[in-house]
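Coordinates in review
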Amino acid sequence: MLKIIVIHGPNLNLLGTREVDIYGTTTIDEINKELEKCAKKNKVVLKIAQSNHEGEIVDMIGAAKKNGMSAILINPAAYTHTSVAIRDAISASSLPAVEVHLSNIYAREEFRHTSLIAPVAKGQVSGFGKASYLLGLEAAVGLLKGEM
Ligand code: DQA
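Here goes a summary of the coordinates provided.

The rules behind the values
- What you see as residue numbers is a count from 1 along each chain, following the sequence as written.
- The model is predicted, so local features are restricted to residues of pLDDT at least 70 and side-chain atom pairs to those at 80 or more, both for listing and for counting; the totals for chains, interfaces and linings are taken over all residues.
- Each side-chain value is worked out from all heavy atoms of the structure, with water and hydrogens disregarded.
- Only runs of H or I of at least four residues qualify as helices and only runs of E of at least two qualify as strands under DSSP, and these elements are numbered from the N terminus.
- As defined in this context, the radius of gyration uses C-alpha atoms, and a globule is described by 2.2 Å times the residue total to the power 0.38.
- A 1.4 Å probe rolled over the protein chains alone gives each residue an accessible area, and that area as a share of the maximum for its type sets the label: buried under 20%, exposed over 50%, partly exposed in between.
- The contact criterion used throughout is that any non-hydrogen atoms of two residues lie within 4.5 Å.
- Charged residues are defined here as Lys and Arg on the positive side and Asp and Glu on the negative side; His and the ends of the chain fall outside this count.
- Positions of charges follow a simple convention, taking NZ of Lys, CZ of Arg, CG of Asp or CD of Glu.
- One heavy atom within 4 Å of a molecule or strand makes the whole residue count as near it.
- Whenever a nitrogen or oxygen atom comes within 3.5 Å of another N or O atom, the pair is scored as a polar contact, on the condition that within protein one atom can donate a hydrogen and the other can accept it, and that pairs from neighbouring residues in sequence are kept only if both atoms are in side chains.
- Calculation of accessible area relied on Shrake-Rupley with a 1.4 Å probe; when residues are assessed, cover is drawn exclusively from the protein chains displayed.
- Polar here means any residue outside two lists: the nonpolar Ala, Val, Leu, Ile, Met, Phe, Trp, Tyr, Cys and Pro, and the charged Asp, Glu, Lys and Arg; Gly therefore counts as polar.
- Should a side-chain nitrogen of Lys or Arg be within 4 Å of a carboxyl oxygen of Asp or Glu, the pair is scored as a salt bridge.

Our focus in this paragraph is the overall build of the protein. The number of helices and strands found in the protein is 5 helices and 5 strands. Moving toward the C terminus, one meets the helices and strands of the protein in the order β-α-α-β-α-β-α-β-β-α. Since a compact globule built from 148 residues should have a radius of gyration of about 15 Å, the 14 Å found for the protein is in line with a globular shape. When its C-alpha atoms are laid out on the principal axes, the protein stretches across 40 × 30 × 25 Å. Evaluated residue by residue, the protein yields a buried proportion of 46% over its 148 residues. A separation of at least 24 residues holds for 75% of the contacts in the protein among residues at least 6 apart in sequence. Distance between charge centres in the protein, computed from 16 positive and 15 negative side chains, equals 9 Å.

Set out below in structure tokens:
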């Protein structure tokens, strides 16, 4: 079965209580549960991780192919706007990556309007809350099945 790694970046462990006016009250566990349901429906396996550490995320991406992953679904969170290292790791992995954001990063502060990740991702879903992750997963599956 195809395996997809899901990476939640910094501070996403705080979802549910973090800036609820922006990110809502859904917790990361609830998002993960819905992702697992969607994965089951699409007959793919997920490896889900959250990290607040840039280097750890780089290591996870670097090991993804060797660990049998076929695609990357990532919410790089604040690292979206700063991390050349995560961008380079995605590029080096040669795996298709889908970037997701709960909030619409283009409707927020100007520093969020630039994603260093977007140019090395197959595409981006931004602004639909937890549905961004589910749409992103559907896109990753579609890419792997050659439907997109
Ligand atoms: C985020 C948007 C980022 O700008 C922010 O730093 C986050 C979350 C989102 O999912 O909307 O931590 O990636």
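Picking up where we left off.
A word on the site of the ligand. Taken together, Arg18, Tyr23, Asn75, Ala77, Ala78, His81, His101, Leu102, Ser103, Ile105, Arg108 and Arg112 are the residues near the ligand. Separating an oxygen atom of the ligand from a side-chain N or O atom of arginine 18 is a distance of 3.0 Å. Separating an oxygen atom of the ligand from a side-chain N or O atom of arginine 112 is a distance of 2.9 Å. In the complex, the protein chains occlude 99% of the 320 Å² of accessible area that the ligand would expose alone. A per-class count over the shell around the ligand returns 5 nonpolar, 4 polar and 3 charged.

Relative to the elements of secondary structure, glycine 136 occurs in helix 5 (residues 130-144). Look at glycine 136 and you get buried, because its relative accessible area is 0%.

The full count for this structure, using the stated rule, is 5 salt bridges. A salt bridge links glutamate 138 to lysine 41; its shortest N-O distance comes to 2.9 Å. Separated by 97 residues along the polypeptide, glutamate 138 in helix 5 and lysine 41 in helix 2 (residues 28-41) bring together distant segments of the chain. Residue glutamate 138 is classed as partly exposed on the basis of its relative accessible area, which comes to 30%. Arginine 108 serves as the salt-bridge partner of glutamate 109, at 3.8 Å between the closest nitrogen and oxygen.

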